[in-house]
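Summary of structural features
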4 protein chains.
Amino acid sequence: MLIVMSHRATEAELDAVVKAVQDMGLRATPIPGSERTAIGVLGNEGYVDDLTIRDLPGIKEILHVSKPYKLVSRDFHPQSSVVNVRGVAIGEGCRPIVAAGPCAVEGEEQIVKTALAVKAAGADLLRGGAFKPRTGPHTFQGLREEGLRLLALARKESGLPIVTEVMSPENVGVVAEYADLLQVGARNMQNFDLLKELGRIRKPVLLKRGMSATIEEFLSSAEYILTGGNTEVILCERGIRTFETATRNTMDLSVVPLIKELSHLPIMVDPSHATGKRSLVPPMTKAALVAGAHGILIEVHPEPEKALSDGPQSLTFQGFAALMDDVRKLNSFLHF
Amino acid sequence: MLIVMSHRATEAELDAVVKAVQDMGLRATPIPGSERTAIGVLGNEGYVDDLTIRDLPGIKEILHVSKPYKLVSRDFHPQSSVVNVRGVAIGEGCRPIVAAGPCAVEGEEQIVKTALAVKAAGADLLRGGAFKPRTGPHTFQGLREEGLRLLALARKESGLPIVTEVMSPENVGVVAEYADLLQVGARNMQNFDLLKELGRIRKPVLLKRGMSATIEEFLSSAEYILTGGNTEVILCERGIRTFETATRNTMDLSVVPLIKELSHLPIMVDPSHATGKRSLVPPMTKAALVAGAHGILIEVHPEPEKALSDGPQSLTFQGFAALMDDVRKLNSFLHF
Amino acid sequence: MLIVMSHRATEAELDAVVKAVQDMGLRATPIPGSERTAIGVLGNEGYVDDLTIRDLPGIKEILHVSKPYKLVSRDFHPQSSVVNVRGVAIGEGCRPIVAAGPCAVEGEEQIVKTALAVKAAGADLLRGGAFKPRTGPHTFQGLREEGLRLLALARKESGLPIVTEVMSPENVGVVAEYADLLQVGARNMQNFDLLKELGRIRKPVLLKRGMSATIEEFLSSAEYILTGGNTEVILCERGIRTFETATRNTMDLSVVPLIKELSHLPIMVDPSHATGKRSLVPPMTKAALVAGAHGILIEVHPEPEKALSDGPQSLTFQGFAALMDDVRKLNSFLHF
Amino acid sequence: MLIVMSHRATEAELDAVVKAVQDMGLRATPIPGSERTAIGVLGNEGYVDDLTIRDLPGIKEILHVSKPYKLVSRDFHPQSSVVNVRGVAIGEGCRPIVAAGPCAVEGEEQIVKTALAVKAAGADLLRGGAFKPRTGPHTFQGLREEGLRLLALARKESGLPIVTEVMSPENVGVVAEYADLLQVGARNMQNFDLLKELGRIRKPVLLKRGMSATIEEFLSSAEYILTGGNTEVILCERGIRTFETATRNTMDLSVVPLIKELSHLPIMVDPSHATGKRSLVPPMTKAALVAGAHGILIEVHPEPEKALSDGPQSLTFQGFAALMDDVRKLNSFLHF
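Everything numeric here is computed off the predicted structure, so don't read it as measured data.

Criteria and cut-off values
- Residues numbered from 1 in each chain as written.
- Chains lettered and ligands numbered in written order.
- Predicted model: local features only at pLDDT ≥ 70, side-chain atom pairs only at ≥ 80, totals over all residues.
- Heavy atoms only, no water.
- Helix = DSSP H or I, 4+ residues; strand = E, 2+ residues; numbered from the N terminus.
- Buried < 20%, exposed > 50% of the residue type's maximum accessible area, 1.4 Å probe, protein only.
- Contact = heavy atoms within 4.5 Å.
- Areas by Shrake-Rupley, 256 points an atom, 1.4 Å probe, with all protein chains shown as cover.
- Phe/Tyr/Trp six-rings, centres within 6.5 Å; stacked < 30°, edge-to-face > 60°.
- Lys NZ or Arg CZ within 6 Å of the ring centre and 35° of its normal.
- Buried area = accessible area lost by both parts, 1.4 Å probe.
- Salt bridge = Lys/Arg side-chain N within 4 Å of Asp/Glu carboxyl O.
- Polar contact = N/O pair within 3.5 Å; in protein donor to acceptor, adjacent residues only side chain to side chain.
- Least-squares fit on C-alpha atoms with pLDDT ≥ 70 in both.
- Expected span 1.5 Å × (residues − 1).
- Domains from an automatic or database assignment.
- Pairing = 2+ DSSP bridges.
- Right-handed = clockwise from strand over helix to strand, strands pointing away.
- Axes fitted to C-alpha atoms, helices over the stretch in contact; angles between N-to-C directions.
- Parallel < 35°, antiparallel > 145°, perpendicular 65-115°, else oblique.
- Left-handed = near helix turned anticlockwise from the far one by under 90°.
- Nonpolar A, V, L, I, M, F, W, Y, C, P; charged D, E, K, R; others polar.

The next thing to look at is the overall build of chain A. A tally of regular secondary structure across chain A gives ten helices and 14 strands. Considering only C-alpha atoms, chain A reaches an extent of 75 × 45 × 35 Å along its principal axes. Buried residues in chain A amount to 65% of all 336 residues. Looking at chain A alone, contacts between residues at least 24 apart form 68% of all its contacts between residues at least 6 apart. Looking at chain A as shown, the accessible area adds up to about 10,900 Å², and 50% of this sits on carbon and sulfur atoms.

Here it is, written out as structure tokens:
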């Protein structure tokens, strides 16, 4: 940590800061400059909580060198993690996986038909929402536990492991009973009580990046789950909110190689939510694979024009099968 | 609702869209233009859920005229609402109120001392966090239920009603038992299970705007609570996330007069979180009052330099008392 | 400057960085930590250009303590500057001024009538665009030099000094011939050839903040003008671009007190462009004054519904006169 | 165009709007709804300038169906354009090209050596800045005309056509004398006088997207150049400004397939500026190609650690050669 003093800080203020650092059991090394003095803080292990010093008079700025996360960091865990979802391996060195299915589970025929279709086209996992976060209260909110039962049925019929969202700490138990991979949606990335509860279970978690979450906040949220003891976490970029409204969100694809530098956790990409536009899903799926994503999440619906949510970004069965042909060719080029 | 067809849409596609609209029990009026045809949709009451039509071939864009919220809208409730928090009236026509206190409740002495000090300076409510949302798991997470008890004690000593945050549906009960006003933090603005639970109680709720929430999403979240039957909702602008990092967030003060046009609910402002910088809190408090805010939320701490969270943006007792002098003068100028 | 080494940096890499710093004529002080070593750089005067070191192997991050601007900084010029625009003083300690007028000069009657009306209502300056930046080429582009002549005529009739935009280095001469205050629009904040040209003249400049400019970039653009020798610069916040589309831009009012801490230059606010909505202009004008703005820029048009640009955000004469009544009362409360 | 009336609009207000539309020579079709009336506007050719109506009393909102650009739109020019840069074809159906070279031309040896190295590695164009836009005035501003001469020399030695930036209308002549492709930088995307000047020449232009420019604004800026008569325009995504600071900008790669739907113009990508980080350039180059980019702009420098600008994002000769090997393999997979 480096403490930068104001160029009008007095000697007494400098001394008080040095003393406060020493009271924390750390060493303080003043570094006088031409305009102002800085104080290097030494002896810490990991991130320093600066609460007892940051507000002392004469301080201009505090620069942190260590990060607020540790367990998820590649610095302390150099080897890439591979997460196993009911026999499907996800992570560096594995063939990138594809999870496909409707935004929301709407009924038995819809989900079973979709499961069989995406399985036939080559998908590795079935996705589908039973608990649905919706902007307003007057739209379809999901089939809830009935949706979970239908997903389990679709798994039985298709053999595909299932991934579905959990929105509340109190539902972690019931969702974990059915799901093979529990998804935390973008709106809940900083629902810390939910993250803590997910740290207590022993099932894999798919953590989506919040709409306006920095990489540091994203990794810190994953840190909550690992701190609880659950190390089976997969990250997922799903687009961030920016000034641009031509796409539903802005897909921040550069975070794929960046997160692979910073963390050992696998990283997936959701081009359906990131773009919100069916025609953009195939090119961005392929771009994500080439950028190094460990998996892709794609919305597929038997009749997108009748979908109860996210129709405009869902692929048809035919569209998905065509995309999977391209994905297979691309993977073989990429040596998977 | 207006459906804009692609300029390459065929007659058959146009007919299919018209039929789909009629299947919804609505009237469709084609409006041919020089480049493309649009279809006006008539006969709806309120927002039209476009799910069965938005994905039909030939459609370029769908423009909604109605909003996804209704109960919170001034269109349908022209008279401004006033919310009563244990005897303190908040809303249009009332003197703007000030809620003050520490970011987090840290101990009995800290919270009681602060309560008495802000009361003496003229505050109307005591704020303080018992359940604390923190970016990373390795920092102070709040005193939880013990914090609620200390807040109740501080209320008894000072006479000030208390406002405190609730983070999880399962804690709504216990927080409602102690708090006079339940706060939903920015990170939970779209925690829909929490909003639904708050719709079931009969205590006022302070709903903070999410970091990247549009006004429409903000009001839609309030709509969740009103839909549940709880009409005692106060909105709160607390800064949005933008590219600018010189302040902690960007205070979007224009939403105060804008929300007063769109909704009948009271709107408060939190300059402490919006700016993240102590020296900016007094000028922005006064600006918010002049812009028409119905109340202000200010962080105050006996020793900001030792605060367990948000020290750099907290006012000292002296700083707060000086600001309250200015607030009183300003209010008397504004005729309150 | 602090150079943070990777925790896997070798001794040789550390030595190479130390040597590179010394080659710049500066001193390097290694600060070993538990996880990684940092290197404090001493002996610099002002901002260090890190180009010869920032890319050396083993470096994780470089933290700058000094800022890339100096002449505009309050650190080196503690006393607030007051800019004189043909007898109208703008800056700290002066009564906040109001510049009013149409977005674009459209004809003699329009501009003279407006000048007399805003003068009668109490405006200090007349604003009006002769050279107009427009998003697309198929809309009205301004009357150009003819517009300047009409502004000069309106000045003669009303006695109000005039402020108008200059878009190109080659037009600085002709605009400076007519204008009392030359405005640089948001889209040209980083038109560096224009800024350099404005550094060569001896007339005051009103520099608007770019749509996505940080405070540091904003002040660095002002630094261009001062570096050229022209110290008569007034800054102007006019809203930034964010995800929110309910207002035309997001007025970042907190920068008013913040810039007053960082710089000695006067700072004005343009609530017309910041909000884009007529009804929001009066409350945000008053909020800006209370936040400490040294002046306000307001769009006024005789018939806003017929304005060739920016009609929806322009006040009518009556609306402007009513607002000026409030402004006078507020100023007398604020002791001006 | 659809005009949405307020639900409190009077009959007289409705009639006034209908009349105003008719005064524009267009037809107005009222569409009464349950809550409010809308007015469809018919008979227009292209975008309607709404200036004489948008501000009439009773209007709530105006929804535009047509876009403010036409010449660049695929609607009116369905066939993809191919731009020829001194014999190098850029556009749909052509092998994607690579333009490589230093951020800034620094001297003869540097630019000639780089030209030969990138040519040997397979680059199609040489890039290099002679006129440099820099945030602050105290850093290197480019060699200007001397830099142009050095670029021409490097072209002679290597045979590579050259692309370089032009910052001011008055320099368009001299830059066009030397350059094969004139680049407009992000900061000048809305420097309309510059765009108009570029519309008058008959050399290809590379237009970079502004830091906070929407797709609509980006295409409208290109429309300026085409309106002037110069149809040889190539678009370039170079990252947008968002809240995320982990990368220099946020690469908005989805715009590549999106712009190919909206416009017939070629679209390139600049991963060096978009990411600002050397290690991210190779994966994002490959992702851009797979997403359909018609060309890539890459910064390469003989000694990035000594570069006078943008060192941290420049590739070394070896790094570039390795990337070009991958690019060739990828192109052969993509059938170029």
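We are not done yet, so read on.
Enumeration according to the criterion identifies six aromatic pairs over all chains in this entry. With a centroid separation of 4.8 Å and 25 degrees between ring planes, the pair formed by Phe192 of chain C and Tyr224 of chain C is classed as stacked. Of this pair, Phe192 of chain C sits in helix α5 (residues 192-200) while Tyr224 of chain C sits in helix α6 (residues 215-227), and the two are 32 residues apart along the sequence. Across the pair, exposure class does not vary: Phe192 of chain C and Tyr224 of chain C are buried alike. Over the face of the ring belonging to Phe76 of chain B we find Lys70 of chain B, whose NZ or CZ atom lies 4.8 Å from the ring centre.

Tallying the contact residues gives 34 residues for chain A and 34 residues for chain D. Interface area for chain A against chain D, summed over the two sides, is near 2,700 Å², with a carbon-plus-sulfur share of 73%. The tally of links from chain A across to chain D stands at four salt bridges. With its nearest N and O atoms 2.8 Å apart, the salt bridge here joins Glu244 of chain A to Arg209 of chain D. Connecting chain A to chain D are eight residue pairs in polar contact (both at pLDDT 80 or more). Counting only elements with at least two residues in the side of chain A that touches chain D, the list comes to α7 (255-262), α9 (281-291) and α10 (317-333) of chain A.

So, about the relation of the copies chain B and chain A. Think of it as a corkscrew move, a rotation about one axis and a shift along it, taking one chain copy to the other. Here chain B sits on chain A after a turn of 180 degrees about the axis and a move of 0.0 Å along it, with an RMSD of 0.1 Å. The two molecules are tied by a two-fold rotation axis, judged by turn and shift. Scanning chain B for the C-alpha nearest the rotation axis identifies Ser212 of chain B, at a separation of 3.1 Å. Comparing interface residues between copies, 100% of those in chain B also sit at the interface in chain A, which points to an isologous, same-surface contact.

What follows covers the interface of chain B and chain A. Across the contact, 50 residues belong to chain B and 50 residues belong to chain A. For the pairing of chain B and chain A, the buried interface totals around 4,000 Å² over both sides, and the portion due to carbon and sulfur atoms is 48%. One can count two salt bridges joining chain B with chain A. Linking Glu217 of chain B and Arg241 of chain A is a salt bridge whose minimum nitrogen-to-oxygen distance equals 2.6 Å. At the boundary of chain B with chain A, the tally comes to 19 residue pairs in polar contact (both at pLDDT 80 or more). Mapped onto the side of chain B that touches chain A, the elements with two or more residues apiece are α5 (192-200) and α6 (215-227) of chain B.

This brings us to the environment of Glu146 of chain D. All names here are of chain D. Relative to the helices and strands, Glu146 resides in helix α3 (residues 145-158). Look at Glu146 and you get partly exposed, because its relative accessible area is 35%. Considered as a pair, Glu146 and Glu108 are 38 residues apart in the sequence and their alpha carbons are 9.8 Å apart.

Further remarks concern helix α2 (residues 108-121) of chain D. All names here are of chain D. The end-to-end C-alpha distance of α2, which contains 14 residues, comes to 20 Å, matching closely the 20 Å that a straight helix rising 1.5 Å per residue would cover. The set of residues buried in α2 consists of Gln110, Ile111, Val112, Thr114, Ala115, Val118 and Ala121. Tucked inside the fold, the buried residues of α2 contact β7 (97-101), β8 (125-127), α3 and α10 (317-333). Just past α2, the residue Gly122 takes up positive phi, approximately 115 degrees.

Positive phi, normally seen in glycine, also occurs at Arg144 of chain A, with a value near 55 degrees. Position of Arg144 of chain A among the secondary structure elements: in the loop between β8 (125-127) and α3 (145-158). On the accessibility criterion, Arg144 of chain A (36% relative accessible area) is partly exposed. Phi at Arg86 of chain D takes a positive value of approximately 45 degrees, unusual for a residue other than glycine. When you line up the elements, Arg86 of chain D lands in the loop between β5 (82-85) and β6 (88-91). Exposure remark for Arg86 of chain D: the relative accessible area of 53% places this residue in the exposed category.

The next subject is the domain arrangement of chain A. For chain A, the assigned domains read domain 1 (2-63) and domain 2 (82-331). The distance between the C-alpha centroids of domain 1 of chain A and domain 2 of chain A comes to 44 Å.

Bringing the pairing of β7 of chain D into the picture now. Residues and elements named next belong to chain D. A large share of β7 lies buried, amounting to five of its five residues. Of the two faces of β7, both are covered, the one formed by Ile97, Ala99 and Gly101 as well as the one formed by Val98 and Ala100. Of the strand pairs in this sheet, β7 and strand β14 (residues 295-299) are connected by five bridges, and their pairing is parallel. Counted as the bridge partner of Gly101 is Glu299 from β14. For the crossover that starts at β7, traverses α2 and ends in the parallel β8, the hand is right-handed.

Quick look at the pattern of salt bridges now. What the rule picks out here adds up to 72 salt bridges over all chains. Close ionic contact of Arg209 of chain B with Asp252 of chain B constitutes a salt bridge, the shortest N to O distance being 2.9 Å. Taken as a pair, Arg209 of chain B in the loop between β11 (205-208) and α6 and Asp252 of chain B in the loop between β12 (233-237) and α7 (255-262) lie far apart in primary sequence, 43 residues in all. For the residue pair Arg209 of chain B and Asp252 of chain B, the accessibility class agrees, reading buried in each case. Between Arg149 of chain C and Glu145 of chain C there is a salt bridge, and its shortest N-O distance comes to 3.9 Å. A residue pair is termed a helical-turn pair when its members lie 3 or 4 positions apart in one helix, as Arg149 of chain C and Glu145 of chain C do in helix α3 (residues 145-158) at four residues. The exposure class assigned to Arg149 of chain C is partly exposed, which follows from its relative accessible area of 40%. Glu145 of chain C sits in the partly exposed class, given a relative accessible area of 36%.

On to the pairing of β11 of chain B, then. Residues and elements named next belong to chain B. What you see with β11 is no split at all: Val205 and Leu207 on one side and Leu206 and Lys208 on the other are buried throughout. One ladder, built from three bridges, connects strand β10 (residues 181-184) with β11; its direction is parallel. Residue pairing in the sheet places Val184 in a bridge with Leu207 of β11. In terms of handedness, the path from β10 via α5 over to β11 forms a crossover that is right-handed. Here four bridges tie β11 to β12, and the two strands are oriented parallel to one another.

For the pair chain A and chain D, the best superposition has an RMSD of 0.0 Å and corresponds to a rotation of 180 degrees with a translation of 0.0 Å parallel to the axis. Comparing interface residues between copies, 100% of those in chain A also lie at the interface in chain D; the contact surface is shared.

Before going further, it helps to examine the packing of helix α6 (residues 215-227) of chain D against helix α7 (residues 255-262) of chain D. Residues and elements named next belong to chain D. Where α6 contacts α7, the axes come no closer than 12 Å and their chain directions differ by 55 degrees. In terms of axis orientation, α6 runs oblique to α7. For the pair α6 and α7, the crossing hand works out as right-handed. On α7, the residues touching Ile215, Phe218 and Leu219 of α6 are Val255, Leu258, Ile259 and Leu262. By residue class, the composition of the contact of α6 with α7 is seven nonpolar, no polar and no charged.

Turning our eyes to something else, we now look at the sheet that holds strand β4 (residues 59-63) of chain A. Residue and element names in this part refer to chain A. On the basis of which strands lie adjacent, the open sheet formed by four strands has the order β2-β3-β1-β4 and antiparallel pairing. Only two strands of the sheet have a single neighbouring strand rather than two, namely β2 (27-32) and β4. Between one strand axis and the next, the sheet turns by 20 degrees as a mean value, whatever way the strands run. Sheet topology note: the β2/strand β3 (residues 37-42) ladder contains six bridges and is antiparallel. Looking at β3, one finds that Pro30 is bridged to Ile39.

Our next topic: the sheet that holds strand β2 (residues 27-32) of chain C. Residues and elements named next belong to chain C. Read across the open sheet, the four strands follow the order β2-β3-β1-β4; overall the sheet is antiparallel. Strands at the two margins of the open sheet, each flanked by one partner only, are β2 and β4 (59-63). Looking at each pair of strands side by side, their axes are set apart by 20 degrees on average, direction ignored. Judged from the three bridges that link them, strand β1 (residues 2-5) and strand β3 (residues 37-42) form a sheet pairing that is antiparallel. Note that in β3 the partner of Val4 across the bridge is Ala38.

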